Amino acid sequence: MSPSLMKMWISLASMGFMFLAIILIFFSRYKLGGVFKFITALVAYILMIVSGIIIFLVVFSGPTPE
């Protein structure tokens, strides 16, 4: 697998983490309560931070040679 294709799959996984974080934040704010609210919000914000770091690294790693 070429480096360009690997970067594409990594960034796609990062966008999936962001989507999952949005769903979890929605559930933690409007559907859940108590301890479950805190746990889902914590997981969601961790996923959002991790995906932001991954996207930052992919974007600023520069172009890949073909």
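- In the annotation of an unreviewed UniProt entry, the chain is listed under the name DUF2768 domain-containing protein and assigned to Cytobacillus praedii.

1. Focus: the side chain of S51
- Note that S51 resides in helix α2 (residues 35-60).
- For S51, a relative accessible area of 0% corresponds to the buried category.
- With near-sequence residues (within four places) excluded, S51 lies in contact with S14, F17 and M18.

2. Remarks on helix α1 (residues 3-30)
- Between its terminal C-alpha atoms α1 stretches 41 Å, which fits the 40 Å expected from 28 residues at 1.5 Å a residue.
- The complete set of buried residues in α1 reads K7, S11, S14, A21, L24, I25 and S28.
- The inward-facing, buried residues of α1 contact α2.

How each quantity is defined
Residues numbered from 1 in each chain as written. Predicted model: local features only at pLDDT ≥ 70, side-chain atom pairs only at ≥ 80, totals over all residues. Heavy atoms only, no water. Helix = DSSP H or I, 4+ residues; strand = E, 2+ residues; numbered from the N terminus. Buried < 20%, exposed > 50% of the residue type's maximum accessible area, 1.4 Å probe, protein only. Contact = heavy atoms within 4.5 Å. Expected span 1.5 Å × (residues − 1).

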